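Survey of secondary and tertiary structure
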Amino acid sequence: MGLSSAYYLNQSGWDVTVLDKEDFLNNCSYGNAGYVCPSHFIPMATPGILKQGLKWMFNSKSPFYVQPRLNGALIDWGLKFMRSATHEKVEAAAIPLRDIAVISQHEYEQWTKIPSFNFSYEHKGLLEIFQTEKVADHARHTVEKGKELGLDVDLLSYDELKVLEPNTKINGIGAIFFRCDAHLYPNKLMKGLIALLKERGVQLITNEEVINFEKEQGSIKKVITRKNSYSTDTVVIATGSWSRQVAALLQTKIPLVPGRGYSITLEDSPYKINHPAILVEGRTAMTPMDGNKIRFGGTMEITSTETPPRMNRVQGILDAVKRFFPEFDIDMPAADKIWYGYRPCSADGLPYIGRVKKWKNVVVATGHSMLGLSLGAGTGKIVSEIVNEKPASMDMTPFAVERFG
């Protein structure tokens, strides 16, 4: 969110400085599945996830887990999450999630035209493979809704699935095929975007954690870090899973918690798949990337950023892959080959994008949950529109930063 916003603000004439509490090389923009996916119009806060989450609570390999702890921010988030997990709110989220995803996909396609900016972007679609009749029934409803939203999507039989994926055995009875989706290689995207911003004069300052702001008459005049202070005309808070704490420095409340995910990447995979795929019952994503790479990822672990990683969850990902793709024999990798990172999860599955009420010159862009990379370019474009006080590319009401009051 931060780098995409910097790109569009720089394009529109702003002198942009980006502060990172680390080194721009360690965040959830790197280890994700690389999806650019209008298909993901169903938010994380759904009625089914609450019931399933209780079943998974004591399973160390489960794909969804909330670490119980006495924490005010977590309790507040949890109560709001439960109130948001209704069929009515899920239905209302579909159009805004579709719209921002379509905008974002269009912007990524524009980025592919920038000389020397290659991030292995491919528009091949996405498969959602399922194994049970119960999920097949839900898939039919998803396809109907997708078509209603104008997306290019169909339900595939097992035989039709095998035509698309002939290189390996698949334990499944069918799939949803979202032709509207694309994917890219996140590591290349981030490396290329950083290089492009530097080339265009954006200052990228590492190891500068924001600890306060200098305020005057309803505006932020300076951003204060542990080392320096920076004068500013406008502040964009795009601090991912740490956004709640940063916003609190401005007396602004954002219900948000970190959701840890894990992934492993086979650099020279002996296994071949043609399309990115979600293994529905296994809650696992897999993506062919950048030639012979395949990335496997998943889990949503609502926990503190201070909690040590639970590597058993990676075994859960590999077990799910084996259940769907029995010929994929992947050993549990060494700890240094496992990536994990924290997704900023809003309380209703919709991002927080827009101005805050208390300050004239503060814009927030965070809370994208599992859609951060997918919605990254589109969010950056919209942030620039907000800062420049131009009409936004879509109705931003559903993403209001202080919609929970």
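Quick note: structure is the one above.
What counts and how
- Residues numbered from 1 in each chain as written.
- Predicted model: local features only at pLDDT ≥ 70, side-chain atom pairs only at ≥ 80, totals over all residues.
- Heavy atoms only, no water.
- Axes fitted to C-alpha atoms, helices over the stretch in contact; angles between N-to-C directions.
- Helix = DSSP H or I, 4+ residues; strand = E, 2+ residues; numbered from the N terminus.
- Left-handed = near helix turned anticlockwise from the far one by under 90°.
- Contact = heavy atoms within 4.5 Å.
- Nonpolar A, V, L, I, M, F, W, Y, C, P; charged D, E, K, R; others polar.
- Buried < 20%, exposed > 50% of the residue type's maximum accessible area, 1.4 Å probe, protein only.
- Pairing = 2+ DSSP bridges.
- Polar contact = N/O pair within 3.5 Å; in protein donor to acceptor, adjacent residues only side chain to side chain.
- Core = buried A, V, L, I, M, F, W, Y, C linked by side-chain atoms within 4.5 Å.
- Phe/Tyr/Trp six-rings, centres within 6.5 Å; stacked < 30°, edge-to-face > 60°.
- Lys NZ or Arg CZ within 6 Å of the ring centre and 35° of its normal.

We now examine the packing of helix H1 (residues 2-11) against helix H7 (residues 186-199). Two elements in contact, H1 and H7, have axes whose closest approach is 10 Å; the angle formed by their N-to-C orientations is 35°. Our pair here, H1 against H7, has a crossing hand that is left-handed. Contacts between H1 and H7 involve Leu3, Ser4, Ala6 and Tyr7 on the former and, on the latter, Met190, Leu193, Ile194, Leu196 and Leu197. Its residues assigned to classes, the contact of H1 with H7 shows eight nonpolar, one polar and no charged.

Another point: the pairing of strand E15 (residues 284-289). Within E15, six of the six residues are buried, leaving the element largely enclosed by the surrounding structure. Every second residue of E15 is oriented toward a common face, with Thr284, Met286 and Pro288 on one face and Ala285, Thr287 and Met289 on the other, all of them buried. Pairing of strand E14 (residues 277-279) with E15 involves three bridges; the strand directions are antiparallel. Counterpart to Ile278 in the pairing with E15 is Ala285. What sits between the antiparallel neighbours E14 and E15 is a turn of four residues, in which Arg283 has the positive phi angle 50°. Sheet analysis places E15 next to strand E16 (residues 293-302), joined by six bridges and oriented antiparallel.

Turning to the side chain of Ser346, a few remarks are in order. One can find Ser346 in strand E17 (residues 339-346). Since its relative accessible area comes to 0%, Ser346 is described here as buried. In terms of polar contacts, Ser346 uses its side chain to reach the side chain of Asp348, at 3.3 Å. Within the structure, the side chain of Ser346 is placed 2.9 Å from the backbone nitrogen of Gly349, a separation counted as a polar contact.

As a further point, take the nonpolar core. In this structure, Leu3, Tyr108 and Trp111 are the most contacted members of the largest nonpolar core, which totals 66 residues. Looking at which element gives the most residues to this core, the answer is helix H4 (residues 87-111), with eight residues. Beyond its immediate chain neighbours, meaning those up to four positions away, Trp111 contacts Ser4, Tyr7, Tyr8, Phe117, Phe119, Leu189, Leu193 and Ala377. Listed in part, the 29 residues of the second largest apolar core include Leu74, Phe213, Leu256 and Val356.

On to the packing of aromatic side chains. Ring pairs (aromatic) are described by centroid distance and by the angle formed between their planes. Summed over the entire model, instances satisfying the criterion amount to 15 aromatic pairs. Ring plane angle 65° and centroid distance 5.3 Å describe the contact between Tyr7 and Trp111, whose orientation is recorded as edge-to-face. Here Tyr7, found in helix H1, pairs with Trp111, found in helix H4; they are 104 residues apart in sequence, far enough to count as distant. For Tyr7, a relative accessible area of 7% corresponds to the buried category. Over the face of the ring belonging to Trp242 we find Lys21, whose NZ or CZ atom lies 4.5 Å from the ring centre.

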